Amino acid sequence: MKFNFSGKEDEYKYLLRKFTLDKLLKRINIESAELLSSVLSSDISGTKLASFPLIVSSTGVRKEQDVFITGWNLVDLAFSSIVCSNDYRGKTISEDSELYLLVSLTESIHEKREAERMDIENFHSNPNLFLYLWGFFGEQKKIQQPGKVFDNLSRELYMLFDLAPRIEGVSDIQEIVNQEVGVCADKVVLTLFLAWFASTQAPTQKEWEDNLLWNESLSLEEFQSVMSRYTATYKDVQNSTLGRQFLYAKPYIRTQNKEVISINCYLNLFLVEHCVLWCVRDYYLKANDRRFTSEFGLLFEEYFKELLTNTLADENYERIPEEKKTRADWKIILGKYRFLIEQKSPLLGLLAKQQESNLEALKTFCTRNIVKGINQLGETEKDFGDGTYIKIILLYEDYLYTGIIDHVFALPECEQKNDCYYWLVTIDELETLLFLYHSNVELFNEVMDEKIERETTFSKEGKSISQILGEKGVNSNPYIALEKFQKHIDRIKSDSLQHVRRSARA
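**Notes on the sheet that holds strand 10 (residues 422-426)**
Pairing in this open sheet of five strands is mixed, and the strands run 6-7-8-9-10 from one edge to the other. Each edge of the open sheet is held by one strand with a lone partner, namely strand 6 (317-319) and strand 10. The sheet shows a mean angle of 25 degrees between the axes of neighbouring strands, taken without regard to direction. Two elements, strand 6 and strand 7 (residues 330-334), share three bridges in a ladder whose sense is antiparallel. What sits directly across from arginine 319, in strand 7, is tryptophan 330. Its contacts with the sheet put helix 15 (residues 291-311) on strand 6, strand 7, strand 8 (337-344) and strand 9 (390-395), and the angle it makes with strand 7 is roughly 20 degrees.

Right, dumping it as structure tokens:
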């Protein structure tokens, strides 16, 4: 196919309209499945280098043009295609080179939009540029580390189904999910897990239904009912104020030909991760009830308390009394290291979770949570008056790059000065760190000393706890591998095998 492309939006849209939409989306899904299957064999998961033939119009010379195919630019291409095209025009995409060409042009358009936005919104000023950059880093990190989904899912299911019933003031999660979805939470998770697995084998729901087996643990009717909750039409996508991020909430698309298709296997996997929690959130949202935030905050607090109980001696930690609103949550002493911990359970909104991250949504999250946490920690340290503590803002969600905290101090709402001992840490990182102290104090001290050294010298080597742990040979979280967490993942996998034909299991 020959064409001229000068980088204009109209030319890009014109080219997308040359392809039949449903066939293009199916081809995008197949490409995402191939990327996902290469997780164990690829140096950088979610990315591959491809090439396509290109003729330079000025010289007529044919050359091979390289392009990186990534999980995230396939999402960009799918969204742009839905906005621009339909099922009743164009040709069927038939060659890899055609897809690679479209990805290359999508990247070109994205870079142009990014440059324009930086000029318009003054992104070159601090901290806007860095907040913007770290806003979309999270999406890339998730695609490059898809296995973290199962760690997060196992933690969340433990919290919702094992821990929540033991806590006074937390609602019955199973009852809420039943009212919201019409089936129990286990069937919601199983449906989405099966849909994700099946989408790596074929792009259409009809193919999945024909090849999966149905029984009392999940019937075809229940599968279809749950899937309808996460399925959207082209118009739904086009009209959503969320833009491409709408596809994170509803990654299954009903075409104009009445087929339901998957457009990206990564999106399907990510949907499983917090599906039960989002059902609960939606239930409260529809009822205009604000209990979700308070109840989940209470649940996260109890979860962290249990983590401390399981990894530390009683004398190593204490709950700080709530005498003032500006107080942090916990004080921990581990040898020569003293910590103040402030827990933050809110989830980052979808608008901020994308390659063209919504700066205002990200700044709002940072102001309400990170800045507030910094101020609480600083005031607590001042009240104690006994020297410097390592001050940790503990995030439940692992989307944000933890290095973003350096730039949050530049926001006008932040009242504290950065003394290099304010750290943004995810629950996964702190679980790993505390379990390391429990099992290998010497290695724990090495990690801590390296972290402090990099923070106080403004090192460019990378300062996140997860990176330093990896450099020390700690590449997994042994705490989340405990049986009480893994039993949930094991059950999902066991239940799913009842529905997978022998030929598909291989």
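That shown, we press on.
**What to know about the packing of helix 2 (residues 21-37) against helix 3 (residues 71-84)**
In a packed pair of helices, the relevant descriptors are the angle between the two axes and the axis-to-axis distance. Interhelical geometry of helix 2 versus helix 3 gives an angle of 170 degrees and a closest axis separation of 10 Å. With respect to each other, helix 2 and helix 3 are oriented roughly antiparallel. Every residue of helix 3 that contacts helix 2 at Leu21, Leu24, Leu25, Ile28, Glu31, Ser32 and Leu35 is listed here: Gly71, Leu74, Leu77, Ala78, Ser81 and Ile82. Its residues assigned to classes, the contact of helix 2 with helix 3 shows nine nonpolar, three polar and one charged.

**Looking at helix 7 (residues 173-181)**
Here helix 7 has its buried residues at Ile173, Ile176, Val177, Glu180 and Val181. Within helix 7, the buried residues cover an arc of 105 degrees as seen down the axis, which keeps them to one side. Contacts from the buried residues of helix 7 go to helix 6 (148-163), helix 8 (185-199), helix 10 (220-229) and helix 14 (275-286). The residue sitting at the N-terminus of helix 7 and contributing the capping side-chain oxygen is aspartate 172; that oxygen lies 3.1 Å from the backbone nitrogen of glutamine 174. Following helix 7 by one or two positions, glycine 182 has its phi on the positive side, about 95 degrees.

**Some points on the pairing of strand 10**
Counting buried positions over the five residues of strand 10 gives five, a clear majority of the element. The alternating pattern of strand 10 places Tyr422, Leu424 and Thr426 on one face and Trp423 and Val425 on the opposite face, and all of these are buried. Note that strand 9 and strand 10 share five bridges and pair parallel. If you follow leucine 394 over to strand 10, its bridge partner there is valine 425.

**Side note on unusual backbone geometry**
Excluding glycine, a negative phi dihedral is what most residues carry, and trans is how most peptide bonds are arranged. In this structure, asparagine 288 takes a positive phi of about 55 degrees despite not being glycine. Positive phi is not limited to glycine here, since cysteine 420 has a value of about 75 degrees. Residue position: cysteine 420 is located in the loop between helix 17 (405-408) and strand 10. Judged by relative accessible area, cysteine 420 falls into the buried class, the value being 9%.

**Details of the pattern of salt bridges**
All told, the structure shown has 39 salt bridges when counted by the stated rule. Across the pair aspartate 398 and lysine 142 runs a salt bridge whose closest N-O atoms are separated by 3.9 Å. Pair noted here: aspartate 398 is in the loop between strand 9 and helix 17 and lysine 142 is in helix 5 (residues 128-144), with a separation of 256 residues, a long-range link. Under the relative-accessibility criterion, lysine 142 is labelled buried at 13%.

**A few points about the environment of glutamate 315**
As for its position among the elements, glutamate 315 is in the loop between helix 15 and strand 6. By relative accessible area, which is 68% here, glutamate 315 ends up exposed. Between the alpha carbons of glutamate 315 and leucine 334 there is a distance of 9.6 Å; along the sequence they are 19 residues apart.

**Quick look at the packing of helix 6 against helix 15**
Axis separation between helix 6 and helix 15 bottoms out at 11 Å; the angle between their running directions is 100 degrees. Judged by the angle between their axes, helix 6 and helix 15 are roughly perpendicular. For the pair helix 6 and helix 15, contact is made by Arg155, Tyr158, Met159, Leu160 and Leu163 and by Phe296, Leu299, Phe300, Glu302, Tyr303 and Glu306, respectively. In terms of residue class, the contact of helix 6 with helix 15 is made up of eight nonpolar, no polar and three charged.

**Examining the nonpolar core**
By size, the foremost hydrophobic cluster in this structure holds 136 residues, and its most contacted members are Val188, Val276, Phe304 and Phe339. No other element matches the 10 residues that helix 8 contributes to this core. If we skip the residues at most four places from it in the chain, valine 276 touches Leu157, Leu160, Phe161, Ile173, Val177, Ala185 and Val189. Residues Leu340, Ile393, Leu395 and Val408 belong to the second largest nonpolar core, which totals 22 residues.

Parameters at a glance
- Residues numbered from 1 in each chain as written.
- Predicted model: local features only at pLDDT ≥ 70, side-chain atom pairs only at ≥ 80, totals over all residues.
- Heavy atoms only, no water.
- Pairing = 2+ DSSP bridges.
- Helix = DSSP H or I, 4+ residues; strand = E, 2+ residues; numbered from the N terminus.
- Axes fitted to C-alpha atoms, helices over the stretch in contact; angles between N-to-C directions.
- Contact = heavy atoms within 4.5 Å.
- Parallel < 35°, antiparallel > 145°, perpendicular 65-115°, else oblique.
- Nonpolar A, V, L, I, M, F, W, Y, C, P; charged D, E, K, R; others polar.
- Buried < 20%, exposed > 50% of the residue type's maximum accessible area, 1.4 Å probe, protein only.
- Arc of directions from axis to C-beta.
- Polar contact = N/O pair within 3.5 Å; in protein donor to acceptor, adjacent residues only side chain to side chain.
- Salt bridge = Lys/Arg side-chain N within 4 Å of Asp/Glu carboxyl O.
- Core = buried A, V, L, I, M, F, W, Y, C linked by side-chain atoms within 4.5 Å.

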